[in-house]
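# Summary of structural features
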Amino acid sequence: MLFTEFKTVRPRKPGSFFIIYNGGINLDNNIVIIIANIISIISCTMMVLIGLIKNKNKILLSQCVQFTLMGVSHYLLGGMGGVVATVVSILRNLVFFKFKVSVPLKIFFVFLSVVLSLGTVSLNPVTWLPILATSLFTWVIDSEDIIKFKNVMILTVCMWFVYDAYHLNFVSAAFDAFTVVSTGYSVWQIKKERKAGEN
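Please read all numbers here as calculations on a predicted model, not as lab measurements.

## A few points about helix α4 (residues 103–118)
For an α-helix, 3.6 residues make a turn, and residues three or four places apart therefore share a direction. Counted at 1.5 Å a residue, the expected span for α4 with its 16 residues is 22 Å, and the 23 Å between its end C-alpha atoms agrees. Turning to α4, its buried residues number three or more, namely Lys106, Phe109, Leu112, Ser113 and Ser117. End-on, the buried residues of α4 take up no more than an arc of 125°, which puts them together on one face. For α4, the exposed residues set more than 90 degrees away from the buried face come down to Pro104, Phe111 and Leu118. Buried-residue contacts for α4 involve α3 (80–98) and α5 (129–139).

## Examining the nonpolar core
Counting 29 residues, the largest nonpolar core has Phe137, Ile141, Phe149 and Trp160 as the members making the most contacts within it. Among the elements of the structure, α2 (56–77), α3, α4, α5, α6 (146–166) and α7 (170–198) are those that each provide at least two residues to this core. When near neighbours in sequence (up to four residues on either side) are disregarded, Ile141 contacts Lys56, Leu60, Arg92, Asn93, Phe96, Val101 and Phe149.

## Considerations on the side chain of Ser43
Looking at where Ser43 falls in the secondary structure, it is placed in helix α1 (residues 29–50). Its relative accessible area of 1% is what places Ser43 among the buried residues. Setting aside its immediate chain neighbours within four residues, Ser43 contacts Gln66, Leu69 and Met70.

## Quick word on the confidence of the model for the protein chain
Residues with a pLDDT of 70 or more make up 84% of the protein chain, whose mean pLDDT is 77. Ranking the elements of the protein chain by mean pLDDT puts strand β1 (residues 6–9) last, at 36, and α6 first, at 89. Low confidence marks residues 1–26, where pLDDT is under 50. Its contacts with residues over four positions away, or in another chain, come to 54 contacts.

## Considerations on the pattern of salt bridges
Evaluation of the coordinates by the stated rule reveals one salt bridge. Taking the shortest distance from any N to any O, the salt bridge between Asp142 and Lys106 comes out at 2.7 Å. You can see Asp142 sitting in the loop between α5 and α6 and its partner Lys106 sitting in helix α4, a full 36 residues away along the chain. Residue classification places Asp142 among the partly exposed residues on the basis of a relative accessible area of 30%. By relative accessible area, Lys106 is classed as buried at 6%.

Rules of the game
- Residues numbered from 1 in each chain as written.
- Predicted model: local features only at pLDDT ≥ 70, side-chain atom pairs only at ≥ 80, totals over all residues.
- Heavy atoms only, no water.
- Helix = DSSP H or I, 4+ residues; strand = E, 2+ residues; numbered from the N terminus.
- Expected span 1.5 Å × (residues − 1).
- Buried < 20%, exposed > 50% of the residue type's maximum accessible area, 1.4 Å probe, protein only.
- Arc of directions from axis to C-beta.
- Contact = heavy atoms within 4.5 Å.
- Core = buried A, V, L, I, M, F, W, Y, C linked by side-chain atoms within 4.5 Å.
- pLDDT = per-residue confidence, 0-100.
- Salt bridge = Lys/Arg side-chain N within 4 Å of Asp/Glu carboxyl O.

Encoded structure:
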């Protein structure tokens, strides 16, 4: 196997990791950033497409795949708040897809997000935006109003935009903006269809 050892080390500068392979061969930070951005491109393309989906269950399942890729990208770039948020989001989506959403379950996942973040996330308010976004999305995840659901998606993606830009993940930040547009367009379409149905 080409890479016999994998070890991540946080550099002084926030927003990136470097990787040591084979017991001491350094892989340049720029290469790691490129790898992370390639993963981000795949993840973010999915994120934009998810914004066009109208079925909530399909949104939740599709997000699990997208969150996994996004978590790997955040890990490589040193965004531990993003890693925690994506892990909790995957668990939340799987549980809520299988079981009925309840207030105690919502509280549990919000609490889990905070607890897992305490030992990994700095006190910088920006680094807590993924946790806030995940908690907010968790709280409205059972909303029957698809327009309200998508509006919350827009708000939480805006939080991710600020976080991604802070961590120099410009690919994700750009796609965050695209997602806001695609989701907003989807909301407009739904409103238009409802209005046409009333006439």
